[in-house]
Amino acid sequence: MEYSKQEYLKTYEFMTYSRLFEEICEEYVMKGIAGGFHHLGTGDEAVGVGIFESLGPNDWIVPEHRSRPMLAKYFGQHEFISEMLAKPNGFNGGMAGDTHYCVPAKKAGPYSALLGQSQAMGAGIALNYKLDKIDGCVVIGCGDGSLNEGVIAEALTMIAAWKLPVVWYVQNNNWGMSMPSKKINAISSLAKRGEGFGLVSASYDGNDVFLVKEVMQEAMAKARKGEPQFIEFKTVRWAGHFVGDPQLYRDLAEVQDARTNTDCVKWCRNHLLNRKIATVEELDTIDETQRKLLYDGFNAALAEPDKTAADILDPNKIFAEIYVK
Ligand SMILES: Cc1ncc(C[n+]2csc(CCOP(=O)(O)OP(=O)(O)O)c2C)c(N)n1
Ligand SMILES: [Mg+2]
């Protein structure tokens, strides 16, 4: 599919933003400037960017848990970073963090750190879409490790049997914490799992953001008509499971190989340069603008006052902050 120059540049901007978001987060945590427990999506950006860019106004997203930059760029940088850093101006008053956010007004979430729960709730939202005849679909993401959760089998069973308007994607980055995917999955392609539930299923390279967009747009058009789809996107997790994980369980040659040969941000940049869609100067300017936007965003959120113990313990305030926003 061909896009206008403006659309290509917008996708590149989203890609570089997503990479820089995680790099700046890691820098601030490692320097002790920011706290928290952060699961970085470096290396996985093309999947999240391609998916978020495909969302229509009526579509709902329950994304895989390494989609933090996409949530920030798409739904509100300040509110998301503040939520991630437990600040009061976050989407959920800083009470939920990036692992439990819920932004119904923007059709995002809910998320739960208990793997599988968010995805099951996504199936519930899709049932509501079907019953209320809403002209949209629900995009539900999980990782290769999460796909083995029992509740996900229940959700997929219902999605297939009731033909719910869902595109289910699996971000297969080869690892579930310290468990290599191939050690726990006896099948070579996780698309076979979708087939087993009776869903139209396919597997794609998750490093080509334009391929992800094309595949998603087609799948979402079918899902909106009541034909649920299941898609595996293959990537490689570069970072540790969380910031600070030294990855002693893993041969880091895999990461080096991915950084050298399948870096999706570099690929997107080269794609635009080789096809003379953009110049080096134009792309460098985008990089610098996004870097400044993000440093300013992190610094602004960090400058906010922390919640007080009284804020945290006041149940009226918790409910007001979480549910009214
Ligand atoms: C029910 C449940 N079991 C275990 C965990 C601990 N845990 C958090 S992330 C994770 C690995 C998830 O792997 P995957 O789904 O492949 O996602 P990735 O982190 O690779 O993006 C595990 C086991 C959890 N959060 N919830
Ligand atoms: Mg994984």
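Residues numbered from 1 in each chain as written. Chains lettered and ligands numbered in written order. Predicted model: local features only at pLDDT ≥ 70, side-chain atom pairs only at ≥ 80, totals over all residues.

A. Layout of the overall build of the protein chain. Along its length, the protein chain carries 14 helices and seven strands. What you see for the protein chain is a C-alpha radius of gyration of 19 Å, in line with the 20 Å of a compact globule of 325 residues. In terms of overall dimensions, the protein chain has a C-alpha envelope of 55 × 50 × 45 Å along the principal axes. Going through the 325 residues of the protein chain one by one, you find that 45% of them count as buried. By sequence separation, contacts in the protein chain at least 24 residues apart represent 73% of the contacts at least 6 residues apart. (Helix = DSSP H or I, 4+ residues; strand = E, 2+ residues; numbered from the N terminus. Rg over C-alpha atoms; globule rule 2.2 N^0.38 Å. Buried ≥ 20, exposed ≤ 12 C-beta atoms within 10 Å, placed from the backbone. Contact = placed C-beta atoms within 7 Å.)

B. Structural detail: the site of ligand 1. In the region of ligand 1, 16 residues are neighbours, and Leu115, Gly143, Gly145, Ser146 and Gly176 sit closest. Those elements that place two or more of their residues in the shell around ligand 1 are strand 2 (138-143) and strand 4 (175-176). Taken together, the residues of the shell around ligand 1 sort by class into six nonpolar, six polar and four charged. (Near = placed C-beta within 6 Å. Nonpolar A, V, L, I, M, F, W, Y, C, P; charged D, E, K, R; others polar.)

C. Here's a closer look at unusual backbone geometry. Going from Gly109 to Pro110, the amide bond is cis rather than trans, its omega being 5°. One can find Pro110 in the loop between helix 4 (77-84) and helix 5 (117-131). Positive phi is not limited to glycine here, since Lys133 has a value of about 50°. Of note, Lys133 is situated in the loop between helix 5 and strand 2. With a phi angle near 50°, Lys163 is a residue other than glycine that sits in the positive phi range. Note on placement: Lys163 falls in the loop between helix 6 (150-161) and strand 3 (166-172). Judged by local crowding, Lys163 falls into the partly exposed class, with 16 C-beta atoms found within 10 Å.

D. Local environment of the nonpolar core. By size, the foremost hydrophobic cluster in this structure holds 82 residues, and its most contacted members are Val138, Val139, Val166 and Val167. Residues contacting Val167, with those up to four places away along its chain left out, are Cys137, Val139, Met216, Ala219, Met220, Ala223, Gln229 and Ile231. (Core = buried A, V, L, I, M, F, W, Y, C linked by C-beta atoms within 7 Å.)

E. Molecular detail of the sheet that holds strand 7 (residues 229-234). The strand order 1-2-3-7-6 describes an open sheet built from five strands, whose pairing is parallel. Unpaired on one side and paired on the other, strand 1 (60-62) and strand 6 (200-205) mark the two borders of the sheet. Geometrically, the sheet is characterised by an average inter-axis angle of 20° between neighbouring strands, direction not taken into account. Across the face of the sheet, helix 5 comes into contact with strand 1, strand 2 and strand 3 while running at roughly 165° to strand 2. (Pairing = 2+ DSSP bridges. Axes fitted to C-alpha atoms, helices over the stretch in contact; angles between N-to-C directions.)

F. Structural context of the pairing of strand 3. Counting buried residues along strand 3, seven of its seven residues qualify, which places the element largely inside the surrounding structure. Strand direction decides the pairing type here: strand 2 and strand 3, joined by six bridges, are parallel. Following the sheet pairing, Cys142 is matched in strand 3 by Val170. Where strand 3 meets strand 7, six bridges bridge the pair, whose relative direction is parallel.

G. The pairing of strand 7, seen in detail. When you tally the buried positions in strand 7, you get six out of six residues, the bulk of the element. Covered by surrounding structure in strand 7 are Gln229, Ile231 and Phe233 together with Phe230, Glu232 and Lys234, the residues of both alternating faces. Pairing analysis gives six bridges linking strand 6 to strand 7, with the strands arranged parallel. The residue bridging Tyr204 from the neighbouring strand is Phe233, located in strand 7. The β-α-β motif built from strand 6, the intervening helix 9 (residues 209-224) and the parallel element strand 7 has right-handed crossover chirality. (Right-handed = clockwise from strand over helix to strand, strands pointing away.)

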